[in-house]
Amino acid sequence: MSQTLEREGSNDALAKPAVTSGADFSKIAAARGDRPLRILLPSYRSNPTTGGQGVYMRHIAKALADMGHQIDVISGPPYPILDPRVKLIKLPSLDLYANPHPIKALRPWMFAYPVDLFEWWSHNTGGFSEPYTFCERMARYVRGTVEDYDVCHDNQTLGWGLLKLRDMGLPIVGTIHHPITMDRRIDIEHAKTLSLKLLKRRWYSFLNMQIKVARELDPLIVVSESTRRDVVREFGVKAERTRLVLHGIDHIQFRPIPTIKRRDDLIVACASADVPLKGLIYLIRAYAELLKTRPNLKLKVIGRLREGNTTDELKAFGIMDKVEFVGGVTDEQITEIYNEATIAVSPSVYEGFGFPCGEAMSCGTPVIATNGGSLPEVIGDAGPVVPHSNPAALARAIAALLDDPEARERFGRMGRERILANFKWERAAREVTEIYRQTIADADRRSETARA
């Protein structure tokens, strides 16, 4: 392969221990109980700008490092933003989404590396092969360093390569944020032409692999009760193999800023304009209705506007100039936007967790959420919950809260308190560490039984 692996950080912590097998290594870790673990965290795309999986990787790795564990993140591009104590192993892909001419990316050397050739072919025929190709590259890389780790905690790559690592003796813990079958269903429903529906079905073909791999992993961490129900139903995973660990929210970054005056005419949403799952078109329809009686009401969307269903909605209502989209903003800028907002809205059709909802709550901003997926579990009783995909219900809830300053103040305070009580990353790290230790102990028992 013409690309080389890169490892950031010192290699000293990765020196191989004086043991002869992954099974022996697991036995030592289980016996010592509370000693720091050596943890491999794989994620095929890990930059926070790519979505919730990147946010999760950034914060769970830091929280585990805070506990004293040794963390190696192995990732394809775009690479994650990590705490300095966390080592990054860069596992280059062909990164064809960043190539303006992916068909021309074919090179003779690819014929010697079937994984690279498959990635090129899949991308140029409408598929998405990164979970598969990343896991295959990872298995090839880790084969020589499997004894460096006590456990591998997968960030929803769910590729065949994970089972290869397990067969090498490395205990595997999986995480599913939400089953992508939900995305597939909603994406196909919103596609306007038959050819686009077929293309989307082709793109989601990687799900066949993820479902089969998920059924093989034990345990599987799920991030909400909603996700647990959906994983059991959609993936056919046995419920007893799942472990619930709620995500955290960065309550230090996303905080109330007393020096920023909260407006009384600004709705804010953090949602991808080109992802039907996020439900932005329903918020736009609700906003268009509200403008009939509240012409000065503003809507700001944290995200980029692209051509597609959202643009069509804005043009149809004649409000292209009324909705402000802000992309490429920092966490601090997002915090400031939430502190300025009158109300934040999470309009998603479905969420496995819902980071934007929790981050707005953490800022003390009153939030309205839909019942899409896990959002009711995040917001609890700290704000109104309305049916998803229902612009009329959303408009009524927004109007009621706009007219009730006392309710806004109460919900904002309750939201911050709920995040501090239930959604800290240090709690999540403690809970996943307990799962790691149990998984290591279980792997050791199986190994002992096999040798007996």
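Computed from a predicted model, the values in this text were never measured in an experiment.

A. The arrangement of the sheet that holds strand β14 (residues 385-386) in detail. Strands sit in the order β11-β10-β9-β12-β13-β14 across an open sheet of 6 strands; the sheet is parallel. Looking at the sheet topology across the chains shown, the edges are occupied by β11 (323-326) and β14. Note: strand β13 (residues 367-370) against β14, 2 bridges, orientation parallel. In the strand pairing of β14, A369 is matched with V385.

B. Representation of the packing of helix α4 (residues 130-142) against helix α5 (residues 160-167). The geometry of α4 relative to α5 is characterised by a closest axis approach of 7 Å and an angle of 25° between their N-to-C directions. Regarding the angle of α4 to α5, the classification is roughly parallel. Listed contacts from α5 to Y132, C135, E136, M138, A139 and V142 of α4 are W160, G161, L162, K164 and L165. Split into classes, the residues belonging to the contact of α4 with α5 amount to 8 nonpolar, 1 polar and 2 charged.

C. Helix α13 (residues 355-362), seen in detail. When you tally the buried positions in α13, you get 7 out of 8 residues, the bulk of the element. When we look at burial in α13, the residues that qualify are F355, C357, G358, E359, A360, M361 and S362. Following α13 by one or two positions, G364 has its phi on the positive side, about 80°.

D. Structural view of helix α15 (residues 391-402). Taking 1.5 Å as the rise per residue, α15 with 12 residues should run 16 Å; its terminal C-alpha atoms sit 16 Å apart, in good agreement. Among all positions of α15, only A393, L394, A395, A397, I398, A399, L401 and L402 are buried. Those residues of α15 that are buried lie in contact with β9 (266-270), α10 (280-290), β12 (343-346), β13, β14 and α16 (405-422).

E. Here's a closer look at the packing of aromatic side chains. Counted by the stated rule, this structure contains 14 aromatic pairs. Centre to centre, the rings of F128 and F206 are 5.4 Å apart; their planes meet at 75°, and the pair counts as edge-to-face. Placement of the pair is F128 in the loop between α3 (114-124) and α4 and F206 in the loop between α7 (194-203) and α8 (207-216), with a sequence separation of 78 residues. In this pair, the class of F128 matches that of F206, namely buried. Above the face of the F411 ring, R410 is positioned so that its terminal group lies 5.1 Å from the ring centre.

Rules used throughout
- Residues numbered from 1 in each chain as written.
- Predicted model: local features only at pLDDT ≥ 70, side-chain atom pairs only at ≥ 80, totals over all residues.
- Heavy atoms only, no water.
- Pairing = 2+ DSSP bridges.
- Helix = DSSP H or I, 4+ residues; strand = E, 2+ residues; numbered from the N terminus.
- Axes fitted to C-alpha atoms, helices over the stretch in contact; angles between N-to-C directions.
- Parallel < 35°, antiparallel > 145°, perpendicular 65-115°, else oblique.
- Contact = heavy atoms within 4.5 Å.
- Nonpolar A, V, L, I, M, F, W, Y, C, P; charged D, E, K, R; others polar.
- Buried < 20%, exposed > 50% of the residue type's maximum accessible area, 1.4 Å probe, protein only.
- Expected span 1.5 Å × (residues − 1).
- Phe/Tyr/Trp six-rings, centres within 6.5 Å; stacked < 30°, edge-to-face > 60°.
- Lys NZ or Arg CZ within 6 Å of the ring centre and 35° of its normal.

In short, the description is geometric, and any link to function would need to be established separately.
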